[in-house]
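# Structural features, examined
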Amino acid sequence: MSEAGQEPMARAASRLREAGLRVTAQRMAVLTAVEALPEHPDADAVRSRAREVTGRLSLQATYDVLRALTEAGLTRCTQLAGHPARYEIERGDNHHHFVCRECGDVADVECVIGVAPCLEARLPATYSVDEAAVTFWGRCPACADGLSE
């Protein structure tokens, strides 16, 4: 059966094994929660969703699992100034984020190309850049509509 046809927990177990991680109920529940929750959930939202499966899960355990999943390349952690860390399934694409200044919603933005913003770091050759993050700030459609009323 293809991964797409598997039940979410079975799919999570397969992904954990493929990444070389030990399969535990907490890891399966957290990975499944990150995949199921919309809009880049924070650790507390992930924990709430994962607890529906595990029954008990501390916030520290949630952070520990999220760190292991991120280090294994299964999730991506995005740090946004003034906001808690947000998580999403790592899809191997290069994308950026838009953050609404009003409600805090986060949306994916396709990779930026072109002159502005400039992503070519002018650093001495001894530096090794492996990632550039761009965050767009503004108002989402729902919050922008609220301004026009």
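What counts as what
In every chain, residue numbers begin from 1 and rise along the written sequence. pLDDT decides what is reported in this predicted model: residues at 70 or higher carry local features, side-chain atom pairs at 80 or more are listed and counted, and totals for whole chains, interfaces and linings draw on all residues regardless. Heavy atoms from the whole structure form the basis of all side-chain values; hydrogens and water molecules are not counted. Helix and strand assignments follow DSSP, with helices taken as H or I runs no shorter than four residues and strands as E runs no shorter than two, numbered in order from the N terminus. An expected span of 1.5 Å times one less than the residue number is assigned to each helix. Exposed residues in this analysis have more than 50% of their type's maximum accessible area, buried residues have under 20%, and partly exposed residues fall in between, with area computed by a 1.4 Å probe over protein chains only. Think of it as the arc spanned by the lines of direction from the helix axis to the C-beta atoms. Every residue pair with non-hydrogen atoms within 4.5 Å of one another is taken to be in contact.

## Digging into helix α4 (residues 59–71)
- Between the first and last C-alpha of α4 there are 18 Å, a value that for 13 residues agrees with the 18 Å anticipated at 1.5 Å per step.
- Where α4 is concerned, the buried positions are A61, T62, V65, L66, A68 and L69. The buried residues of α4 occupy an angular sector of 160 degrees when projected down its axis, which confines them to one face. The exposed set on the far side of α4, more than 90 degrees from its buried face, consists of Q60 and E71.
- The secondary structure elements touched by the buried residues of α4 are α1 (8–18), α2 (25–36), α3 (43–54), β1 (75–78) and β2 (86–89).
- Trailing α4 by a residue or two, G73 shows a phi angle of about 85 degrees, which is positive.

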